[in-house]
Each structure stands twice: as structure tokens, then as C-alpha cells.
Amino acid sequence: MTLLDSPTLAAPIPGPLSAAMRAGSMAEHKAAEGSTFVERLLAGRIDERGYVQFLGRLRIIYSALESVGRALRDDPIAGAVHDPALERLAALDDDIDFWSGGTHPLISSKAADAYADRLEGSAAWGGLYVAHHYTRYLGDLSGGQAFKAVLTREFALGDRGVGFYSFTEVPKPKPYKDAYRARLDTLDLGPDDKARVVSEVKVAFNLNRQLFAELNTGLQNWVRVPRDA
């Protein structure tokens, strides 16, 4: 089985969907977070060139995610989480412009393309899209805020450079995330459909893991000495 295969679940899943999504994908989540690229970014050891490479890959991913989201906004399942206030493309473009000095380098990424292909396939059923929406946006509202803090400190940023992590229409992430999970739990999904959603969350984290593994190969080119070193 490859990282892109949907893991086989032993049994249908009872109980709240949000709890099942979190617990059922914990191993894959931790594996993605344990990437060397992530560790070095959080330590302030990735320079501007490396961060642009990361942002460029995210742009490929969010272009697909948000295109599918707009197509499914009236879907009875996907519509429960779709929210234009979360969209990141404009912020990504501004961040890339900032970090690249306006050059916007062409990003070639097999991992990001594979991720985008999977996202486009999620249009087949709203539950699949929900799995990816949850993985990306709740991650941005959670661990993504640690990235924002590190970048702001390490590069002495002002108003620009971390727009991707700045949700101006979500002033208090915790209440938003709580309400988001509550909406997940009201979805009319049976145990088998819940299992299918959890399986796709696992795939989503594995796609993130592949993305970071690809970025790991360029680490020697993006070395930076932290401010306090």
C-alpha cells in the first residue's frame, strides 16, 4: 500500500465525526509534523528561498482546494464547512510576492501536483472534500499559527509576509474551530460514511508528509542561522 491508498478501516465508526477524524488520523498527523523541514522552519533555520518553495507548493494545493470548494458550496455535506472567509489564495500570492521580491519563481513539484489531483478527485463526494478541508484549514488555524510566530520573530516582519496564516475574518480561532467541529458532528452520515471520511483524512496527512519529504531534499540549499544562535 502506498501513502496515497485509502487505509482499510477495521469497522464502521460510531460516535461524533469530529472526534473520529482527530483520533483516527493521529498517527499520520504526527508523522507529517515530524518532518525535518517542519522542525527546521520552527527553529528559524529555513531561509527565504526555502520558504518560497513551501509557499509555491501550497499555492498549487489551495488552488485546487478552493476551486473544488466553490463547486461544492451547495453540496449538503461540503456546504456545511465551506466558508469563503477561509480562502487563502490571495494571501498566498501576496506572501510569495513578499518573500520572492516580486519574482514569483516557477514551482515544479510532483508532491503538490499529486495532492492537487487528489483534491480534484474529492469533488466526487462531499465527504471526501470535508476531509481535506478539515485537514488544511483547521491546521492553518492551529499549528499554522506557530509558523506565523516564528517567521514574524525571526525575520522581524511588519504587516506583510505572513498573510497566509492571518485570518482577518476569524479573529478568535478557538470558537471558530469549536463551531466547525460542531457542524461536522451534525452531518447526516452513517458509520460507513464516517469511516470513509476518516480514511481520507489519513490520506490528506500522508499527502502532507510527501510534500515535506520533497522539501527535505532541498534543505542543504536553504540553510539559515537563527537570530538567537
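Summary of the structure given here.

Thresholds applied
- Residues numbered from 1 in each chain as written.
- Predicted model: local features only at pLDDT ≥ 70, side-chain atom pairs only at ≥ 80, totals over all residues.
- Heavy atoms only, no water.
- 1 Å grid on protein atoms, 1.4 Å probe; cavity = no way out; pocket = protein on both sides within 12 Å on 5 of 7 lines; lining within 4 Å.
- Points joined across faces, edges and corners; volume = space filled by probe spheres on them.
- Helix = DSSP H or I, 4+ residues; strand = E, 2+ residues; numbered from the N terminus.
- Nonpolar A, V, L, I, M, F, W, Y, C, P; charged D, E, K, R; others polar.
- Salt bridge = Lys/Arg side-chain N within 4 Å of Asp/Glu carboxyl O.
- Buried < 20%, exposed > 50% of the residue type's maximum accessible area, 1.4 Å probe, protein only.

1. A few points about the layout of surface pockets
There is about 720 Å³ of room inside the largest pocket. Around the largest pocket, the lining comprises 28 residues; the ones closest to its centre are His29, Glu33, Gly139, Gly143 and Phe205. For the lining of the largest pocket, the secondary-structure elements that each account for two or more residues are α2 (26-33), α3 (36-42), α4 (48-71), α7 (126-141), α8 (144-154) and α10 (191-216). Along the lines of polarity and charge, the residues of the lining of the largest pocket split into 14 nonpolar, 8 polar and 6 charged.

2. Remarks on the pattern of salt bridges
Enumeration over the complete set of coordinates arrives at 13 salt bridges. Here Lys202 and Glu28 are joined by a salt bridge, their closest N and O atoms 3.4 Å apart. Pair noted here: Lys202 is in helix α10 and Glu28 is in helix α2, with a separation of 174 residues, a long-range link. The two residues Lys202 and Glu28 agree in class, both being buried.

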